[in-house]
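If you want the building blocks of each chain, they are given just below.
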Amino acid sequence: MAPRVLLIEDNEQNRYMATFLLEKSGFEVLHAWEGLTGIELALREQVDLVLLDIQLPGMDGYAVARELRRHRGLEGIPIIAVTSYAMVGDREKSLEAGCDGYLEKPINPHTFVADISRFLSTSGRGEES
Ligand code: MN
């Protein structure tokens with residue numbers, strides 16, 4: 001079964017690139033352009049991983065991650081923060097908010113899917129359903 005990734009990203013180009021790379025590797029991709037829709041989708045659909053842009057309109061990625069982590073049903077789902085901020089402490093802030101990993105933009109097309117798959121294989125959810 002194709003791993004299903006929820007991509008919460010407001011930038012069209014980033015969304016296009018990430019989707020292109022993931023679908024090419026056989027992933028299924030669900031999209032949300034902002035946090036609330038993303039949370040709603042995460043709760044409604046069974047997703048295997050969340051890719052979360054930190055700079056979102058309204059609710060930022062940290063707030064989205066914290067909210068996702070409040071829901072029991074989503075406990076084991078890896079959340080990977082994606083940010084273009086090259087700021088010290090950004091990584092720590094993502095992890096503190098409940099993210100499992102952190103990727104910097106621009107994403108590297110050669111390593112992007114492998115970077116993400118690493119979190120899928122360690123989560124062990126692929127064997128559940
Ligand atoms: Mn953004």
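Scroll up to find the structure this text is about.
Figured I'd write up the structure that's included with this text. No experiment lies behind these values; they were computed from the predicted model shown.

Quick look at the overall build of the protein
Piece 1. Within the protein one finds five helices and five strands.
Piece 2. Relative to its length of 129 residues, the protein is compact, with a C-alpha radius of gyration of 13 Å against a globular reference of 14 Å.
Piece 3. Relative to its full complement of 129 residues, the protein shows a buried share of 44%.
Piece 4. The long-range fraction of contacts in the protein, counting pairs at least 24 apart against all pairs at least 6 apart in sequence, stands at 62%.
Piece 5. Of the accessible surface of the protein, which amounts to about 7200 Å², a share of 51% is contributed by carbon and sulfur atoms.
Piece 6. Here the protein contributes 13 positive and 21 negative side-chain charges, whose respective centroids are spaced 2 Å apart.

Quick notes on the sheet that holds strand β2 (residues 28-32)
Piece 1. Taken in spatial order, the five strands line up as β2-β1-β3-β4-β5 in an open sheet, and their pairing is parallel. Two strands close off the open sheet at either side, each with one partner strand: β2 and β5 (101-104). Within this sheet the neighbouring strands show an average axis-to-axis angle of 20°, counted without direction.
Piece 2. Sheet topology places strand β1 (residues 4-8) next to β2; five bridges connect them, and they run parallel. For L7, the partnering residue across the bridge sits in β2 and is H31.
Piece 3. Where helix α1 (residues 12-24) meets the sheet, it contacts β1, β2 and β3 (49-53), and its direction lies at approximately 160° from that of β2.
Piece 4. Each of β1 and β2 is contacted by helix α2 (residues 35-44), which is oriented at about 160° to β1, the strand it contacts most.

Regarding the packing of α2 against helix α3 (residues 61-69)
Piece 1. Put simply, α2 and α3 touch, their axes get as near as 10 Å, and they point 25° apart. Comparing the axis directions of α2 and α3 gives the class roughly parallel. Helix-helix and strand crossings are classified by hand; for α2 and α3 the assignment is right-handed. Residues G35, I39 and A42 of α2 form the contact with α3, whose own contacting residues are V64, E67 and L68.

Structural notes on the nonpolar core
Piece 1. The biggest cluster of nonpolar side chains holds 23 residues, and the ones touching the most others in it are L6, I8, V50, L52, V64 and L68.
Piece 2. Of all elements in the fold, only β1, β2, α2, β3, α3 and β4 (79-83) reach the threshold of two or more residues within this core.
Piece 3. The dominant element in this core, judged by the number of residues it contributes, is α3, at four residues.
Piece 4. Not counting the four nearest positions on each side in its chain, I8 is found in contact with A32, E34, G35, G38, V50, L51, L52, D53, L56 and V64.
Piece 5. Grouped together as the second largest cluster of nonpolar side chains are 18 residues, I80, I107, F112 and F119 included.

Comments concerning the packing of aromatic side chains
Piece 1. Here the structure, examined in full by the defined rule, presents one aromatic pair.
Piece 2. Above the plane of the ring of W33 lies R15, whose end atom (NZ or CZ) is 4.1 Å from the centre.

Things to note about the pattern of salt bridges
Piece 1. In this structure the tally under the stated criterion is eight salt bridges.
Piece 2. A salt bridge links E40 to R44; its shortest N-O distance comes to 3.7 Å. Taken together, the positions of E40 and R44, both in helix α2 and four residues apart, correspond to about one turn of that helix.
Piece 3. Residue E45 pairs with R44 through a salt bridge whose shortest N-O separation is 3.6 Å.

What counts, and at which threshold
Chains are numbered independently. Their residues run from 1 in the order of the written sequence. Only residues with pLDDT of 70 or above have their local features reported here, since the model is predicted, and side-chain atom pairs are shown and tallied only from 80 upward, although totals for entire chains, interfaces and linings are computed over all residues. Excluded from the side-chain calculations are hydrogens and water; all other atoms, namely the structure's heavy atoms, are used. Helix and strand assignments follow DSSP, with helices taken as H or I runs no shorter than four residues and strands as E runs no shorter than two, numbered in order from the N terminus. The quantity called the radius of gyration is restricted to C-alpha atoms. Its globule counterpart is 2.2 Å times the number of residues to the power 0.38. We call a residue buried when its accessible area falls under 20% of the maximum for its residue type, exposed when it is over 50%, and partly exposed in between, using a 1.4 Å probe and counting protein chains only. Any two residues whose heavy atoms approach within 4.5 Å are treated as being in contact. All accessible-area figures derive from a Shrake-Rupley calculation using a 1.4 Å probe, and residue coverage is judged against the displayed protein chains alone. For the purpose of counting charges, residues Lys and Arg are taken to be positive, whereas Asp and Glu are taken to be negative. His and the chain ends are not included. Charged groups are reduced to one reference atom each: NZ for lysine, CZ for arginine, CG for aspartic acid, CD for glutamic acid. By definition, two strands form a pair when at least two bridges between them are found by DSSP. Lines fitted to the C-alpha atoms define the axes, with helices restricted to the stretch that makes contact. Angles between their N-to-C directions range from 0 to 180 degrees. Roughly parallel means an angle under 35 degrees; roughly antiparallel means over 145; roughly perpendicular covers 65 to 115; every other angle is labelled oblique. For a crossing to be left-handed, the near helix must be turned anticlockwise from the far one by less than a right angle; the clockwise case is right-handed. Residue types Ala, Val, Leu, Ile, Met, Phe, Trp, Tyr and Cys, when buried and joined through side-chain atoms within 4.5 Å, form a set referred to as a nonpolar core. Geometry of aromatic contacts follows a simple scheme: Phe, Tyr and Trp rings, the Trp one being its six-membered ring, pair when their centres are within 6.5 Å, and the pair is stacked under 30 degrees between planes, edge-to-face over 60, tilted otherwise. In this scheme, the term charge over a ring applies when either NZ of a lysine or CZ of an arginine sits within 6 Å of the ring centre and within 35 degrees of the ring normal. A side-chain nitrogen of Lys or Arg and a carboxyl oxygen of Asp or Glu constitute a salt bridge if their distance falls within 4 Å.

Taken by themselves, the reported measurements are silent on function.
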